[in-house]
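Architecture at a glance
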Amino acid sequence: MGGLDTRDSTLDALEETLLNKSGDVPLALRFRALFSLKALGTEGNVRAIEIIAEGLKDDSALLKHELAYVLGQTRQEAAVVPLQLSLKNLSEDPMVRHEAAEALGALGDQGSLPLLREYLHDKEEVVRQTCELAIERIEWETSEKSKTEKIQKSAYTSIDPAPPLPLDGDEHDEKVEKLQQKLNDQSLSLFHRYRAMFRLRDIGTPAAIDALASGFSDPSALFRHEIAYVFGQLSHPHSVPALISVLRNTREESMVRHEAAEALGSVGTAECLPVLKEFSTDEEQVVRESCVVAVDMWEHENSGEVEYAVYAPKVEA
Ligand SMILES: [Fe+2]
Ligand SMILES: [Fe+2]
């Protein structure tokens, strides 16, 4: 077996790839290495967490924001400090700082509450709004309410910025309609509106997707990018027209267009590929890079290739 040796050399190889030690590793391959490291990190492999954290010094905002996201999903204490550093770094790209704040929320790290409160006044709206959500998420997780609410078990394993709204016994159609109202009601807290968003995701019907797409008219770029993220999770062909119009809209924020590109890559139907190829030369770096990665994902989805990950770690049970 020699389990440990294998794991060490696997980690060395993943480190080389993720951190682009040779200087010529294609971005798509780095994303695949991250996918493998995430699996190891989530199991509690501290070195995997450290390698991912080291990547936060890269200069691709796209890669860094993904690393921050992944760190937030690992449930590992070792992820906290590197994420705090990214949030505190005012010269860091706002998309990366947003993802770092969100990840601290996903980790449910109560020790980060004072820091998150500090950035409720950040000059970047996406950072301010994310801190607001992360604080509410951490507070919700430790609340009495969270223990009594009847929440339908989600088909998604992700730790989301807000839990879905609880079940309320409404009929299906009426439910979607009510949820859409909540989703778009700007007098409600962002957290509550996100809860409606994730409930709609879990319903997942074409009607729920239409309801979600109405959120693309919201004034908050953070909110719009989260709709695109949810569409990526759903990977339902019904969301494709809405996603394509977001990606095509060059006046839309690049953070939102990037998320639409990734979502199109996950949906992976034939109509997605030409659009993604078209925008792989976009003026905005994060849009361009997202399209390149999305094309890779598209090709993976349609190749019959079993593993997306490189050096798929052989994990012993
Ligand atoms: Fe995000
Ligand atoms: Fe993103």
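Residues numbered from 1 in each chain as written. Chains lettered and ligands numbered in written order. Predicted model: local features only at pLDDT ≥ 70, side-chain atom pairs only at ≥ 80, totals over all residues. Heavy atoms only, no water.

This part is about the domain arrangement of the protein. As far as domains go, the protein holds domain 1 (1-142) and domain 2 (173-308). One C-alpha centre belongs to domain 1, the other to domain 2; they are set 22 Å apart. Residue-level contacts link 23 residues of domain 1 with 25 residues of domain 2. Summed over both partners, the interface of domain 1 with domain 2 buries about 2000 Å², with 63% contributed by carbon and sulfur atoms. Seen at the junction of domain 1 and domain 2, the total is one salt bridge. (Domains from an automatic or database assignment. Contact = heavy atoms within 4.5 Å. Buried area = accessible area lost by both parts, 1.4 Å probe. Salt bridge = Lys/Arg side-chain N within 4 Å of Asp/Glu carboxyl O.)

One finds Leu 87 and Leu 247 to be the most contacted residues of the largest nonpolar core, which totals 96 residues. Broken down by element, this core gets its largest block of residues, nine residues, from helix 13 (residues 221-234). Residues lining this core come from more than one domain, with at least three contributed by each of domain 1 (1-142) and domain 2 (173-308). (Core = buried A, V, L, I, M, F, W, Y, C linked by side-chain atoms within 4.5 Å. Buried < 20%, exposed > 50% of the residue type's maximum accessible area, 1.4 Å probe, protein only. Helix = DSSP H or I, 4+ residues; strand = E, 2+ residues; numbered from the N terminus.)

The next thing to look at is the environment of Gln 152. Structurally, Gln 152 is set in the loop between helix 9 (145-148) and helix 10 (172-184). Classification of Gln 152 as partly exposed rests on a relative accessible area of 34%. Along the primary structure Gln 152 and Pro 164 are separated by 12 residues, whereas in three dimensions their C-alpha atoms are 8.1 Å apart.

Moving on: the coordination of the iron ion (ligand 2). Octahedral metals with six donors have ideal donor angles of 90 or 180 degrees. Tetrahedral metals with four donors have an ideal donor angle of 109.5 degrees. Around the iron ion (ligand 2), the donor atoms from the protein are His 65 (NE2), His 258 (NE2) and Glu 259 (OE), and they sit 2.1 to 2.2 Å away. Motif for the iron ion (ligand 2), donor spacing along one chain: H-x192-H-E. In this structure the iron ion (ligand 1) is found 4.2 Å away from the iron ion (ligand 2). In this pair, His 65 is assigned in helix 4 (residues 61-73) and His 258 in helix 15 (residues 254-267), connecting sequence segments 193 residues apart. The buried category is assigned to His 65, whose relative accessible area is 3%. Here His 258 falls in the buried class, since its relative accessible area comes to 0%. (Donors = N, O, S within 2.8 Å, 3.2 Å for Na, K, Ca; no water.)

Now for the coordination of the iron ion (ligand 1). Here the iron ion (ligand 1) is held by His 98 (NE2), Glu 99 (OE) and His 225 (NE2), and the distances to it run 2.2 to 2.4 Å. Read in sequence order, the donor residues coordinating the iron ion (ligand 1) give the pattern H-E-x125-H.

According to the stated counting rule, one finds four aromatic pairs in the structure shown. Where Tyr 194 meets Phe 198, the ring centres are 6.3 Å apart and the plane angle is 50°; that geometry is what we call tilted. With Tyr 194 and Phe 198 both in helix 11 (residues 190-203) and four residues apart, this pair spans about one turn of that helix. Here Tyr 194 and Phe 198 have matching classes, each one buried. Consider the rings of Tyr 194 and Phe 223, whose centres lie 6.1 Å apart with planes at 70°: the pair is edge-to-face. With Tyr 194 in helix 11 and Phe 223 in helix 13, this pair connects stretches of sequence that are 29 residues apart. (Phe/Tyr/Trp six-rings, centres within 6.5 Å; stacked < 30°, edge-to-face > 60°.)

What follows concerns the side chain of Gln 76. Residue placement: Gln 76 occurs in the loop between helix 4 and helix 5 (80-88). The buried category is assigned to Gln 76, whose relative accessible area is 19%. At 3.3 Å, the side chain of Gln 76 forms a polar contact with the backbone oxygen of Thr 42. Beyond its immediate chain neighbours, meaning those up to four positions away, Gln 76 contacts Gly 41, Thr 42, Gly 44, Ile 49 and Leu 107. (Polar contact = N/O pair within 3.5 Å; in protein donor to acceptor, adjacent residues only side chain to side chain.)

So, about the UniProt feature "binding site: Fe cation 1" (unreviewed entry) in the protein. Residues annotated by UniProt as "binding site: Fe cation 1" (unreviewed entry) correspond here to His 65, Glu 66, His 98 and Glu 99. A stretch of 35 residues holds the annotated residues, and the largest C-alpha distance among them is 11.0 Å, short enough that they meet in one place. If near-sequence neighbours (up to four positions away) are discounted, His 65 is found in contact with Met 95, Val 96, Glu 99, His 258 and Glu 259. Inspection of the secondary structure puts Glu 99 in helix 6 (residues 94-106). Accessibility expressed as a relative area gives 5% for Glu 99, which makes it buried. For Glu 99, the residues in contact, after removing those within four places along its chain, are His 65, Ala 68, Tyr 69 and His 225. (UniProt positions renumbered as here; feature names shortened; annotations may be inferred.)

Low pLDDT marks regions whose predicted coordinates should not be analysed in detail. Summarising the model, the protein shows a mean pLDDT of 92, and 92% of its residues fall at 70 or more. Low pLDDT, under 50, characterises residues 1-6; the stretch is placed with three contacts to residues that sit more than four places away or in other chains. A low-confidence stretch, residues 312-317 (pLDDT under 50), is modelled with eight contacts involving residues beyond four sequence positions or located in other chains. (pLDDT = per-residue confidence, 0-100.)

This part is about the pattern of salt bridges. Side-chain pairs of opposite charge can arise whenever the charged atoms involved come near each other. Counted according to the given criterion, the structure contains 20 salt bridges. The partner of Arg 30 in a salt bridge is Asp 58, and the shortest N-O contact between them spans 2.7 Å. Taken as a pair, Arg 30 in helix 2 (residues 27-42) and Asp 58 in the loop between helix 3 (46-54) and helix 4 lie far apart in primary sequence, 28 residues in all. Each member of the pair, Arg 30 together with Asp 58, is buried. A salt bridge links Glu 278 to Arg 248, with the shortest nitrogen-to-oxygen separation between them at 3.0 Å. Of the two residues, Glu 278 is situated in helix 16 (residues 272-278) and Arg 248 in helix 14 (residues 240-248); the sequence distance between them amounts to 30 residues. Of the residues examined, Glu 278 reaches a relative accessible area of 41% and is grouped as partly exposed. Look at the salt bridges and you will find they share partners, linking Asp 12, Glu 15, Lys 21 and Arg 47 into a network.

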